[in-house]
Amino acid sequence: MHDEPLLSVSNLTVDLLTAKSAIRPVDGVSYTVRQGECLAIVGESGSGKTVMNFAPLGLMPTGVTTSLSGSVRFGGRELIGLPEPEIRKIRGKSIGFIFQDPMSALNPVRRIGRQIAEMAELHLNMTPRAAEARALELVKLVGISDPSARLRQYPHELSGGLRQRIVIATALAGEPKLLIADEPTTALDVTVQAQILRLLKDLQRRLNMAMVLITHDMGVVAGAADNIVVMYAARAAERGPVDKVLVTPRHPYTRGLINAIPKREDPIGSQFRGLPGIPPTLGAPFKGCAFAPRCDFAVPTCTASRPPLVPSADGSVFVACPVVNEGRAAA
Amino acid sequence: MNKLKPIFARLNKFPRVALVVIGLFVALGTFAPWLAPQDPSAQNLLQGGLGPSVAHWLGTDHLGRDTLSRLIIAANTSLVSVGSVLIIAMTIGILMGTIAGYHRGWVDDLLMRVVDVGLSIPSLITALAVIGIVGPGYWTMVLALALAWWPMSGRISRAVAVSIMSKPHIEALRVLGASPWRIYFGHLLPGTIGAVMVYATADAGTAALAVATLSFLGLGIQPPTPEWGQMLVDALPYLESDPRQVILPGLALTAAVIGFNTLGEAIALNRIPKPLTRRMLAMRRIEVAGWGKENSDA
Amino acid sequence: MIHFISKRLKHSLVLLFLASVVCFTLVVSAPGNVAVLIAELRGAASTPGYVEKVAEEIGLNKPLLMRYVDWLGDAVTGDFGISYRTGQTVSADLPQRMMVTGTLIAGSAVIATLLSLLLGFLGAFWPYKLPDRVSRGLALIGASTPTFFVGALMIYGFSVTFQLFPSFGFNGPVSWVLPWLTVAVLPAAVLSRVVRVGLEEAMTSPYVLTAKSKGLGRTAILFREALPNITPVFINALGTQVGLMTATGIIVEPLFAWQGVGDYFLAGVRFRDFMVVQACLLIFLAFFIVVNLIVDLAVLMTDPRIRRQWS
Ligand SMILES: Nc1ncnc2c1ncn2[C@@H]1O[C@H](COP(=O)(O)OP(=O)(O)O)[C@@H](O)[C@H]1O
Ligand code: SF4
Ligand SMILES: [Mg+2]
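Since we're looking at a predicted model, the values are computed, not measured. (Residues numbered from 1 in each chain as written. Chains lettered and ligands numbered in written order. Predicted model: local features only at pLDDT ≥ 70, side-chain atom pairs only at ≥ 80, totals over all residues. Heavy atoms only, no water.)

Caption draft 1: Spotlight on the overall build of chain C. Check the secondary structure of chain C and you find 13 helices and zero strands. Tracing chain C from N to C terminus, the helices and strands come up as α-α-α-α-α-α-α-α-α-α-α-α-α. Dimensions of chain C along its principal axes, counting C-alpha atoms only, are 90 × 55 × 30 Å. The 311 residues of chain C split such that 52% are buried. The averaged location of the 17 negative side-chain charges in chain C is 15 Å from the averaged location of its 23 positive side-chain charges. (Helix = DSSP H or I, 4+ residues; strand = E, 2+ residues; numbered from the N terminus. Buried < 20%, exposed > 50% of the residue type's maximum accessible area, 1.4 Å probe, protein only. Lys, Arg positive; Asp, Glu negative; His and termini not counted. Charge placed at Lys NZ, Arg CZ, Asp CG, Glu CD.)

As structure tokens, then:
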């Protein structure tokens, strides 16, 4: 089908089996990303964002066994159940990854040039020499000055912002159709966060890639994403176009998150308005709405059964909160 | 009884082989005099170098002594000398380590420099040098090995002591004006001893090797006291005709050391995540299956 | 670079000086009158005035500091005094013995390195599978078997049962094989675990996740990403093991009738021949220091993080 989205995740559930416990960090989540589109996945730390994006691609650390169900279709292919060698061909080549911490994402004892060039060798069948040339191009593309010198350096010789640019260059080296950026700015200095974000957005538009931007910061989403999925405790709380969700958030959790964004009119040094309470520790799936203990609108039925994602009147925004959907909470 | 529970819980984390072998070694060593079927030093030259028989289950050595009895008594020799070495070494090490960790500053620097030098010289060479000066003998051996061994426990106890001293409740005690003695004997020392004991047990295998090696060289346990290394060297001239007498003590010693080393390895590898065992995985899968699937999102 | 080497050299010299003081203390602490001992050994104890002559010869009458300076000066030029046992100079066949021990350590180090890399990679390639279990089992046994037992088994297996290699003597490569293997077993076992654990730890690090996300396969990740990261660690451990081989040599040299430094040291300890003991100790200590220096340099070459601090 010509119209099929590049990535379509439906009803994805991930169970992590570890020596200590079994947990379900992703519980029946669905979303789609089309070519050239950017989807933001927002939620507090520990809500399952990383697992949701990495587990289907076989990128979990050692020591855990993952068990997947549901469907993840990428470029018309079902990823769940695909054998590891096949998934490996997709990683790097069709999907590029950017990690949260550029300090540890690069190999400390290998030259930067090699770490970028090997991608071109592997995925574009380039000779080492051609790959080096491509690495140079890429480093220029991500806006690094004195690129040829940088290629000969080691990661510890660069600042965090530069390293993240190198990670981005590496992710682009295979000419991917989709970029998955897992909190790409969280570990960086506040001053460079905006630069990196702008760079990513710019590259995504210029190269017409799809992008999944994972973040815990609502403030990042506004200019960057087309659609948004708000995650809470392994589930999608709200999903829809950014302009709608940001302007008229409906789910109580989304409202809380947006209220927590520092505003310009805040007096300097005023207290950070985080959400009251802490997110739950994940384990077995929750009965009912996981947000109930922190929710101002909670009613007894909230904990009875899982609130389904229900489309709004115009069918664009989906909210998993019966209280809101039935119009009982004042918007 | 309840006090024993955490101990059992801790033991459960170690490989069972290690615990069985170590338990066997300690039991054999402790009860050796009652377990040995015959007098280990009773010679009978007419019955030298015999193969296994009803009278001598593992045969006899070239002097006609019962090999099984000698192997069993040797466990006792080994256990006692290794125990003495480790206790002396740990006492010195813990003392030096806790002092360094308590005082920090130049005392710490000086002691740790000494520990570094001690650790950089192979323990066999240190021990032999001491024996070279003082002359061979049982207690020379024990002291020489203790001298070679204390730097290890010194380093560990210093690390433990430093971490204990930086804990908030110690800081609070200090501010409240608790006497240094109370901090040292009430908190620092007990905490350190426990941690060092585990490492010392894991290190006992190497100490057993050292005792056997010195005895093999004729500078440790002296005949007629049976000891594995010394039994082996005694039988070496008859290697061609009677290899059993060489192999048996070697195997006994190796088995004991394997037990201790398995323990040490388990401790060292604790921090690396391992894939789940099949049983564990099955259990987790059942757990997950029980969660079922609620209605999910469109 | 130059800065690093000169700093390391200075450090080494200080250590060597300390070592020499320790060794000299050994000489001084020799009980009994050394001059009488030597005179007796030379069969001239009853000759009037001979004891005094010996005392003069070895400088017994000088103050301690002068004796140390003399002794150090001699030791530096390779003169380690007179053996209390034979009455002959200690240094006579030291070069030959150092050559023998050097052969032992060099060969064993090469074997241990190759064997440990092989075993370690086998394990890291198929973690927790059969090759890994075999490799770890071998490592455990190798690290737990006393060296003298290994030697006895080597002799029994390769010399008595299948007469492949001679069981004693230092006559060319064929006679070197068994001692080499005997000494190599322990370091190979220990180092294979360093490789195995190092690789496994490296495989759990974030940059390996990055490498996986780049689409690299397991072989490429092991060799390109993990191996360079454990090289400095491996070199360090190899240095320690090479140092330890001096001790293993003390057991193995006499076993195979090799006249090396270890064998000499052991004889010195046995007969409480202080001059021999301290000469060998000094050689051992100098060897440790040199090995450490080489290790530091090699680590400097292989770890860009450290290299940067010194460039
Ligand atoms: N390797 C792992 N082992 C065990 N638990 C994990 C692992 N990775 C993630 N989890 C658990 O999964 C949940 C979701 O984690 P994650 O996806 O990293 O959250 P987020 O990216 O939203 O911060 C957390 O509760 C975390 O404890
Ligand atoms: S379902 Fe109930 S608890 Fe959950 S967000 Fe809606 S109102 Fe709050
Ligand atoms: Mg995350």
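Caption draft 2: Looking closely at the UniProt feature "domain: ABC transporter" (unreviewed entry) in chain A. Residues annotated by UniProt as "domain: ABC transporter" (unreviewed entry) correspond here to residues 7-258 of chain A. Annotated as residues 7-258 of chain A, this span is 39% helix and 27% strand, and its ends, taken at the C-alpha atoms, are 27 Å apart. (UniProt positions renumbered as here; feature names shortened; annotations may be inferred.)

Caption draft 3: Structural context of the site of ligand 2. Taken together, His251, Pro252, Cys289, Phe291, Ala292, Cys295, Phe297, Ala298, Cys302, Cys321, Pro322 and Val323 of chain A form the complete shell of residues around ligand 2. Here the shell around ligand 2 is composed, by residue class, of 11 nonpolar, one polar and no charged. (Near = heavy atom within 4 Å. Nonpolar A, V, L, I, M, F, W, Y, C, P; charged D, E, K, R; others polar.)

Caption draft 4: Fine view of helix H8 (residues 180-216) of chain B. Residues and elements named next belong to chain B. Relative to the 54 Å expected for 37 residues at 1.5 Å per residue, H8 spans just 47 Å between its end C-alpha atoms, considerably shorter than the ideal helical length. Roughly 40° is the biggest bend found in H8, and it falls at Asp203. Backbone geometry just downstream of H8 places Gly218 in the positive-phi region, at approximately 80°. (Expected span 1.5 Å × (residues − 1). Bend = angle between axes of the 7 residues up to and from the residue.)

Caption draft 5: The arrangement of the UniProt feature "transmembrane region" (unreviewed entry) in chain C in detail. Those residues carrying the UniProt feature "transmembrane region" (unreviewed entry) are residues 104-126, 138-165, 177-195, 233-256 and 276-301 of chain C in this numbering. Taken end to end, residues 138-165 of chain C has its terminal C-alpha atoms 23 Å apart, with 79% of it in helix and 0% in strand.

Caption draft 6: Region of interest: a nonpolar patch on the surface. A cluster of nonpolar residues, Val117 of chain B together with Val14, Leu15, Phe17, Leu18 and Val21 of chain C, forms a patch on the protein surface that exposes about 470 Å² of accessible area. Residue contributions to the nonpolar patch peak at five residues, all from helix H1 (residues 2-28) of chain C. Inspection of the secondary structure assignment puts Leu18 of chain C in helix H1. (Patch = residues over 30% accessible without salt bridge, like charges linked within 9 Å, V, L, I, M, F, W, Y side chains within 5 Å. Areas by Shrake-Rupley, 256 points an atom, 1.4 Å probe, with all protein chains shown as cover. Salt bridge = Lys/Arg side-chain N within 4 Å of Asp/Glu carboxyl O.)

Caption draft 7: Looking closely at the pattern of salt bridges. Applying the stated criterion across every chain, the model contains 31 salt bridges over all chains. Between Asp303 of chain C and Arg305 of chain C there is a salt bridge, and its shortest N-O distance comes to 3.1 Å.

Caption draft 8: The site of ligand 1, seen in detail. Residue and element names in this part refer to chain A. Gly46, Gly48, Lys49, Thr50 and Val51 are the nearest of the 15 residues found near ligand 1. When the free accessible area of ligand 1 is taken as 550 Å², the share hidden by the protein chains comes to 69%. At the level of secondary structure, the elements contributing two or more residues to the shell around ligand 1 comprise strand E2 (22-33) and helix H1 (49-54). It is H1 that provides the largest number of residues to the shell around ligand 1, a total of three residues.

Caption draft 9: How the structure looks around the interface of chain A and chain B. Contacts between chain A and chain B engage 30 residues on the former and 17 residues on the latter. Around 1800 Å² of area is buried between chain A and chain B when both sides are counted, 50% of it from carbon and sulfur atoms. Taken as a group, Leu17, Ala22 and Arg306 of chain A account for 27% of the area that chain A buries against chain B, more than any other trio of residues on that side. For the interface between chain A and chain B, the tally reads zero salt bridges. The interface formed by chain A and chain B contains four residue pairs in polar contact (both at pLDDT 80 or more). Elements with a minimum of two residues in the side of chain A that touches chain B: strand E1 (7-17), E2, strand E4 (65-74) and strand E10 (235-241) of chain A. The element that contributes the greatest number of residues to the side of chain A that touches chain B is E2 of chain A, accounting for five residues. (Contact = heavy atoms within 4.5 Å. Buried area = accessible area lost by both parts, 1.4 Å probe. Polar contact = N/O pair within 3.5 Å; in protein donor to acceptor, adjacent residues only side chain to side chain.)

Caption draft 10: Focus on the environment of Leu158 of chain A. Residues and elements named next belong to chain A. Tracing the sequence through the fold places Leu158 in the loop between helix H6 (147-151) and helix H7 (160-172). In this structure, the C-alpha to C-alpha distance between Leu158 and Ala237, residues 79 residues apart in sequence, is 39 Å. In contact with Leu158, not counting residues within four places along its chain, are Ile112, Arg150, Gln153, Arg163 and Ile166.

Caption draft 11: A look at the packing of aromatic side chains. Following the criterion strictly, the structure yields 23 aromatic pairs over all chains and no others. With a centroid separation of 5.2 Å and an interplanar angle of 90°, the aromatic rings of Tyr138 of chain B and Trp139 of chain B are classed as edge-to-face. Following the ring pairs from residue to residue traces out a cluster consisting of Tyr102, Trp181, Tyr184 and Phe185 of chain B. Here Arg97 of chain C stacks its cationic end above the ring of Tyr264 of chain C, 4.2 Å away from the centre of that ring. (Phe/Tyr/Trp six-rings, centres within 6.5 Å; stacked < 30°, edge-to-face > 60°. Lys NZ or Arg CZ within 6 Å of the ring centre and 35° of its normal.)

Caption draft 12: Focus on the UniProt feature "domain: ABC transmembrane type-1" (unreviewed entry) in chain C. Taking the numbering used here, the UniProt-annotated feature "domain: ABC transmembrane type-1" (unreviewed entry) corresponds to residues 98-295 of chain C. With 84% helix and 0% strand, the stretch residues 98-295 of chain C has end C-alpha atoms that lie 21 Å from each other.

Caption draft 13: Looking closely at the sheet that holds E2 of chain A. Read from one edge of the open sheet, four strands run E2-E1-E4-E5 (chain A), paired in antiparallel fashion. Each edge of the sheet is formed by a strand with only one pairing partner; in this case those strands are E2 and strand E5 (77-78) of chain A. Here helix H11 (residues 278-291) of chain B sits on the sheet and contacts E1, E2 and E4 of chain A; the angle it forms with E2 of chain A, its principal contact strand, is near 60°. (Pairing = 2+ DSSP bridges. Axes fitted to C-alpha atoms, helices over the stretch in contact; angles between N-to-C directions.)

Caption draft 14: Examining the sheet that holds strand E9 (residues 227-232) of chain A more closely. Residue and element names in this part refer to chain A. Taken in spatial order, the eight strands line up as E6-E7-E8-E3-E9-E10-E12-E11 in an open sheet, and their pairing is mixed. A single partner strand is all that each edge strand has here, and the edge strands are strand E6 (95-98) and strand E11 (310-311). Inspection of the sheet shows strand E7 (residues 178-182) paired to strand E8 (residues 210-215) by five bridges, in the parallel sense. Residue pairing across strands places Asp182 opposite Ile214, the latter belonging to E8. Across the sheet, helix H8 (residues 190-206) is in contact with strand E3 (38-42), E6, E7 and E8; its angle to E8 comes to roughly 160°. Packing against the sheet, helix H11 (residues 252-259) makes contact with E3, E9 and E10, and its axis sits at approximately 105° to E9.

Caption draft 15: Inspection of the interface of chain C and chain B at higher detail. Contacts between the two partners involve 39 residues from chain C and, on the opposite side, 42 residues from chain B. For the pair chain C and chain B, the interface holds one salt bridge. In this structure, the salt-bridge partner of Glu265 of chain B is Arg193 of chain C, at a minimum N-O distance of 3.1 Å. In this structure, the connection of chain C to chain B is made through four residue pairs in polar contact (both at pLDDT 80 or more). For the side of chain C that touches chain B, the secondary structure elements donating two or more residues are helix H6 (130-144), helix H7 (147-161), helix H8 (173-203), helix H10 (218-255), helix H11 (261-270) and helix H12 (274-302) of chain C. In the side of chain C that touches chain B, the residues fall into 27 nonpolar, six polar and six charged.

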